[in-house]
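Working through the structure, step by step
Spelled out, the chains give:
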Amino acid sequence: MSSKRAQGDCGITKKKKRKSNAMTAGLCAVLEDEQIKTAVHGAWSQNMPYCHGDLELDCHPFPHCVIRNFIEEDDFVDNLQKELLELNFNEKSNDLYKFKQSDDLKKRDEPYIQGIRSMLFQKFRPWLEGVLGVELESTVDISCAKYEYTDVLLCHDDELEGRRVAFILYLVPHWEGSDGGTLDLYETDSDFQPKDIVKSIVPTRNTLVLFEVSPVSFHQVSEVFSKDKCRLSLGGWFHGLSLERPPRHIEPSLPRNPHFPRDETLLMEWINPAYLDISYQEKIQGDFEDSSEIQLKDFLQEEKFKEVNEALKLNHIQWTKKGPANKRCYDIASVANLPECVHGCFELLHSEAFFLLLSNFTGLRLHYLCPSDEDEDNDEDKDDDDDDEHKQKDILEGDEAGSSTGNSTCNNNKPEASTPKCSGELRRWSHGSYTLLHDGDAAQAEYALDLILPFQCADWDTEFGGFTSYVANEEDEELLTVYPEENSLALVYRDKETLKFVKHINDKSSQTSGRAFYDFSFVYYE
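Residues numbered from 1 in each chain as written. Predicted model: local features only at pLDDT ≥ 70, side-chain atom pairs only at ≥ 80, totals over all residues. Heavy atoms only, no water.

**So, the overall build of the chain**
A tally of helices and strands in the chain yields 13 helices and 24 strands. Relative to its full complement of 526 residues, the chain shows a buried share of 51%. Considering only residue pairs separated by 6 or more positions, the chain has 80% of its internal contacts joining residues 24 or more positions apart. For the chain, the exposed area adds up to about 26,100 Å²; of that, 46% sits on carbon and sulfur atoms. (Helix = DSSP H or I, 4+ residues; strand = E, 2+ residues; numbered from the N terminus. Buried < 20%, exposed > 50% of the residue type's maximum accessible area, 1.4 Å probe, protein only. Contact = heavy atoms within 4.5 Å. Areas by Shrake-Rupley, 256 points an atom, 1.4 Å probe, with all protein chains shown as cover.)

Right, here's the structure in full:
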């Protein structure tokens, strides 16, 4: 059956443009004044402070602007908040942050969300372009964030290609500095690394804060301490040509040293005898080779563990805060003034005998007596391998004739391609401590064996943070989590594609236990 088309009918139905139901709102009156805009432009370009009514420009530690009563109508603010709270929020948690975030709001069609989007990117953007003297893209990049008890966003600079200006609009109830959730601004050193927090901005309802994304724009959202308030905000970026950045600072690595010349008597003094049994070491090595990680419980002899545990609480240990804040925040002990038993534990983990023990646990070549892959594959060296196995057994079970006391033994045996080394720290972890992944980690990543030996963590809860997470580089996939466990030695072998961080320790730790835990952290290289 056929029919004629009606005249003028092309057969294509045009989509009707959906009528916008966006609600409109006025900007803060101070933003409508051209003279004020000119004055702000002049102050910003000269890096000078400026204040007029609800607008305040401060240039320390980097230029940022605070605009109170940003939206003129209070009803609009109330209705916008209601719409935002009805959105679906996704839990966000990694090394840098923990909070809840909405999806991107650029396509939401709720009236007040449409209205604020239009206000920011059609009305406010031209004002901002005039103040900065730059052209900004019309790109909409905006989402909503909810910070509740123990949520945090740690130190960062917002750097990402195309981001020019960051903004935050607060939609909070009455808020005090004691509630946490402040926007903390860092000053930087000569290497453009964050030093100290020099200004904290307490969230205020209907206040907009903005700053240029730059090499020095380091900031954080401090941990929220209020248990009954929600820190609701809209945030995002205006896009444009990024500011020029200096070469990225490359931080020197921890010093690496070969083992100390200590013999097997040190192992027998410190380590649970079960772990010195060769047959048990073979089982451990098999388990380790299957998963590249293992935890050895009750590792130290009970009396030695108790002695170190108590000594770590002594006041005369000198602790220093280790930064910078965009990479880490924890305390490190000065080795020079450690109590005798604590220093003894440090020496144990750095000793030749312990290097050999780790070789037996892992199969890694951390000692010259540990056979290399070539040795294992070469039948001609079978007798030498058998001899090496007897030597290992002699050393670890205390045979004086087979004991190894230093470099002289090592130098008289078969040469090795490289000398096994290690670096180590004694760390203190308390409320606010963390480590972060950063760009330099991936560039400097290499094959290594991590060792963690915790103390004073008997009642530590996983909700406190303080655990070590291993993740695949450039992926969200979490490969392994190591929780602090009393007298439990954790060994993890990582490759060049594996990075690690220690999760931020939150307020729940101080509410429950009120103290720190400690660990020896060593990294061994073949």
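**A look at the packing of helix α6 (residues 302-311) against helix α7 (residues 340-349)**
One way to put it is that α6 packs onto α7 with a least axis distance of 8 Å and a crossing angle of 120 degrees. One finds that α6 runs oblique with respect to α7. Where α6 crosses over α7, the handedness of that crossing is left-handed. From α6, Glu307, Val308 and Ala311 reach across to α7, where they touch Cys341, Val342 and Cys345. Tallied by class, residues from the contact of α6 with α7 come to five nonpolar, no polar and one charged. (Axes fitted to C-alpha atoms, helices over the stretch in contact; angles between N-to-C directions. Parallel < 35°, antiparallel > 145°, perpendicular 65-115°, else oblique. Left-handed = near helix turned anticlockwise from the far one by under 90°. Nonpolar A, V, L, I, M, F, W, Y, C, P; charged D, E, K, R; others polar.)

**Notes on the sheet that holds strand β20 (residues 468-472)**
Ordered in space as β21-β20-β23, the three strands form an open sheet in which the pairing is antiparallel. Two strands in the sheet have a free side with no partner beyond their single neighbour: β21 (478-482) and β23 (498-502). On average, each strand axis in the sheet is tilted by 20 degrees relative to the strand beside it, whichever way the strands run. Where β20 meets β21, four bridges bridge the pair, whose relative direction is antiparallel. Looking at β21, one finds that Ser469 is bridged to Thr481. (Pairing = 2+ DSSP bridges.)

**Observations regarding the pattern of salt bridges**
Scanning the entire structure with this criterion turns up 30 salt bridges. The partner of Lys327 in a salt bridge is Glu251, with the nearest N and O atoms 4.0 Å apart. Here Lys327 is found in the loop between β15 (319-322) and β16 (328-333), whereas its partner Glu251 is found in the loop between β13 (231-239) and α4 (265-270), with 76 residues between them in sequence. Between Asp519 and Arg427 there is a salt bridge; the shortest N-O distance is 2.9 Å. Highlighted residues: Asp519 in strand β24 (residues 517-525) and Arg427 in strand β17 (residues 421-429), separated in sequence by 92 residues. Among the residues examined, Arg427 registers a relative accessible area of 8% and is labelled buried. Members of the salt-bridge network, linked through shared partners, are Asp157, Glu159, Arg245 and Arg248. (Salt bridge = Lys/Arg side-chain N within 4 Å of Asp/Glu carboxyl O.)

**Structural notes on the nonpolar core**
Soluble globular proteins tend to pack their nonpolar side chains together in the buried interior. Ile67, Phe70 and Phe124 are the most contacted members of the largest nonpolar core, which has 48 residues in total. Ranked by residues supplied to this core, first place goes to helix α3 (residues 111-132) with eleven residues. Membership of the second largest hydrophobic core comes to 46 residues, among which are Val342, Cys345, Leu348 and Leu357. (Core = buried A, V, L, I, M, F, W, Y, C linked by side-chain atoms within 4.5 Å.)

**So, the environment of Gln301**
By the secondary structure assignment, Gln301 is in the loop between β14 (293-297) and α6. Spatially, the C-alpha atoms of Gln301 and Pro273 are 7.9 Å apart, while their sequence positions differ by 28 residues. In this view, Gln301 contacts Met268, Glu269, Trp270, Ile271, Asn272 and Pro273; residues no more than four positions away in its chain are not counted. Polar side-chain contacts of Gln301 include one of 2.7 Å to the backbone oxygen of Met268. (Polar contact = N/O pair within 3.5 Å; in protein donor to acceptor, adjacent residues only side chain to side chain.)

**Observations concerning a negative patch on the surface**
On the surface, Glu474, Glu475, Asp476, Glu477, Asp495 and Glu497 cluster together into a negatively charged patch. Positionally, Asp476 belongs in the loop between β20 and β21. (Patch = residues over 30% accessible without salt bridge, like charges linked within 9 Å, V, L, I, M, F, W, Y side chains within 5 Å. Lys, Arg positive; Asp, Glu negative; His and termini not counted. Charge placed at Lys NZ, Arg CZ, Asp CG, Glu CD.)

**Let's talk about the pairing of strand β4 (residues 89-93)**
Sheet analysis places β4 next to strand β5 (residues 97-102), joined by five bridges and oriented antiparallel. Considered in β5, the bridge of Lys92 is made with Phe99. The turn joining β4 and β5, which pair antiparallel and follow one another in sequence, is formed by three residues.

**Digging into the side chain of Thr150**
Within the secondary structure, Thr150 sits in the loop between β6 (142-147) and β7 (152-156). We classify Thr150 as buried; its relative accessible area is 3%. Sequence-distant contacts of Thr150, defined by excluding residues within four places in its chain, comprise Lys98, Glu223, Val224, Asn506, Asp507 and Lys508.

**Topic: the pairing of β14**
Of the two faces of β14, only one is covered, namely that formed by Ile294 and Leu296; the face formed by Glu293, Gln295 and Lys297 stays uncovered. The sheet contact formed by β14 and strand β22 (residues 488-494) spans five bridges and is antiparallel. Bridge pairing links Leu296 to Leu489 in β22.

**Quick look at α3**
For α3, built from 22 residues, the straight-helix expectation of 32 Å at 1.5 Å per residue is met to within 8% by its first-to-last C-alpha distance of 30 Å. When the local axis directions of α3 are compared, the greatest deviation, roughly 45 degrees, occurs at Phe124, which is followed within four positions by the proline Pro126. With its phi angle positive at about 70 degrees, Gly133 sits one or two positions after the end of α3. (Expected span 1.5 Å × (residues − 1). Bend = angle between axes of the 7 residues up to and from the residue.)

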